[in-house]
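# Coordinate analysis (summary)
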Amino acid sequence: MVKLVSMWKRNPDKTEEECEDHYLKVHTELAKKALANVPGFRKYVQNKVISQAINNYNDTANPEQVEPDYDRFVEIYFDDAESLEKALDTPEMRACYKDHPNFMNTKIPRNLVIYEVLEVIPLEKNDE
């Protein structure tokens, strides 16, 4: 399995509410449309950053609360890298990218950080 993780800051020219409203009502639907029929697509997870703390290795008891580096990130899961590549190369996905300025700060360097990761779960607890 391959997981794509994308992170961003909200558009500073809009309120947080405007960005959230557009992201949840418009962009989410564009993303669902872009991913729905891609062979090998598995899961789309949205994450809203509530807070961020940094921890000094030498002082683990006192993590420092800081302004979050990013406001949101998504995780998109695929069977393999080929499925990911196919998903990114569609007109529907290009429409998603064109929509980014409506909620995302696209004027800063690193305005969208994308990681392709290999997820390994060495332990998982399933409460039943």
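To be clear, the structure that these remarks concern was listed above.
Notes on the structure follow. Not measured: the values here are computed from a predicted model.

Next up on the list: the layout of surface pockets. By volume, the largest pocket is sized at about 200 Å³. Lining the largest pocket we find 14 residues, and of these R10, E16, E20, K48 and D71 sit closest to its centre. Ranked by residues supplied to the lining of the largest pocket, first place goes to helix α1 (residues 16-35) with 4 residues. Here the residues of the lining of the largest pocket are counted per class, giving 6 nonpolar, no polar and 8 charged.

Below, the discussion takes up the pattern of salt bridges. Summed over the entire model, instances satisfying the criterion amount to 13 salt bridges. Here D13 makes a salt bridge to K107, at a shortest N to O gap of 3.2 Å. Here K107 lies in the loop between α3 (91-99) and β6 (113-117) and D13 lies in the loop between β1 (2-8) and α1, a separation of 94 residues in the sequence. Of the two residues, D13 and K107, neither departs from the other in class, the shared state being exposed. Put simply, E16, E20, K48 and R72 are held in one network by salt bridges that share partners.

Viewed as axis vectors pointing N to C, α1 and α3 meet at an angle of 160°, and their least axial separation amounts to 8 Å. By the angle between their axes, α1 is roughly antiparallel relative to α3. Relative to α3, the crossing made by α1 is left-handed. The residues of α3 that touch α1, namely those facing H22, V26, H27, L30, A31, K33, A34 and L35, are E92, M93, A95, C96 and D99. Looking at the contact of α1 with α3 residue by residue, the classes come out as 8 nonpolar, 2 polar and 3 charged.

Okay, the nonpolar core next. If you look at the biggest cluster of nonpolar residues, it comprises 20 residues, and the most contacted ones within it are W8, L35, Y44, I76 and F78. Counting only elements with at least two residues in this core, the list comes to β1, α1, β5 (72-78), α2 (81-88) and α3. With 5 residues, the top contributor of residues to this core is α1. The residues contacting I76, other than those within four sequence positions of it, are V2, K3, L4, L35, F41, K43 and Y44.

This part is about unusual backbone geometry. The phi dihedral of R110 is positive, around 55°, even though this residue is not glycine. Within the secondary structure layout, R110 lies in the loop between α3 and β6. You can call R110 exposed: its relative accessible area is 58%.

The subject of this paragraph is the sheet that holds β1. If you trace the 4 strands from one edge of the open sheet to the other, you get β2-β5-β1-β6, paired in antiparallel fashion. Whereas interior strands pair on both sides, the edge strands pair on one side only; in this sheet they are β2 (41-48) and β6. The mean inter-strand angle of the sheet, taken between neighbouring strand axes irrespective of direction, is 15°. Note: β1 against β5, 7 bridges, orientation antiparallel. Paired with W8 across the bridge in β5 is R72.

Looking now at empty space enclosed by the protein. Across all of its chains, the model carries 1 cavity of 30 Å³ or more by this definition. Roughly 220 Å³ of internal volume is contained in the largest cavity. Along the wall of the largest cavity there are 21 residues; nearest its centre are H27, V74, I76, M93 and H100. Listing elements by their share of the lining of the largest cavity, those giving two or more residues are β1, α1, β5, α2 and α3. In terms of residue count, the dominant contributor to the lining of the largest cavity is α1 (4 residues).

Criteria and cut-off values
All residue numbers refer to position in the chain's written sequence, counted from 1. Totals for whole chains, interfaces and linings use every residue, but because this is a predicted model, local features are given only for residues with pLDDT of at least 70 and side-chain atom pairs only at 80 or more, for both listing and counting. Water and hydrogen atoms play no part in the side-chain values, which are based on all heavy atoms of the structure. Computed over the protein atoms alone on a 1 Å grid, cavities are sets of points where a 1.4 Å probe fits but cannot get out and pockets are open sets with protein on both sides within 12 Å along at least five of seven lines; a residue lines them when it has an atom within 4 Å of a point. Grid points are joined across faces, edges and corners, and a volume is the space filled by probe spheres set on the points. Only DSSP runs of H or I reaching four residues or more are called helices, and only runs of E reaching two or more are called strands; each is numbered from the N terminus. When residues are sorted by character, Ala, Val, Leu, Ile, Met, Phe, Trp, Tyr, Cys and Pro go into the nonpolar class, Asp, Glu, Lys and Arg into the charged class, and all the rest, Gly among them, into the polar class. The rule for a salt bridge is simple: a side-chain nitrogen of Lys or Arg has to be within 4 Å of a carboxyl oxygen of Asp or Glu. For every residue, the accessible area (1.4 Å probe, protein chains only) is compared with the maximum for its type, and the residue is labelled buried under 20%, exposed over 50%, or partly exposed between those bounds. Here an angle of 0 to 180 degrees is reported between the N-to-C directions of two axes, which are lines fitted to C-alpha atoms, with helices fitted over the stretch in contact. Orientation categories follow fixed angle ranges, with anything under 35 degrees roughly parallel, anything over 145 roughly antiparallel, 65 to 115 roughly perpendicular, and all other angles oblique. By definition, any crossing whose near helix is turned counterclockwise from its far helix by less than a right angle is left-handed, and any crossing with a clockwise turn is right-handed. Contacts are assigned to residue pairs that have any heavy atoms within 4.5 Å of one another. The definition of a nonpolar core used throughout is a set of buried Ala, Val, Leu, Ile, Met, Phe, Trp, Tyr and Cys residues joined through side-chain atoms within 4.5 Å. Paired strands, in this sense, are two strands between which DSSP finds at least two bridges.

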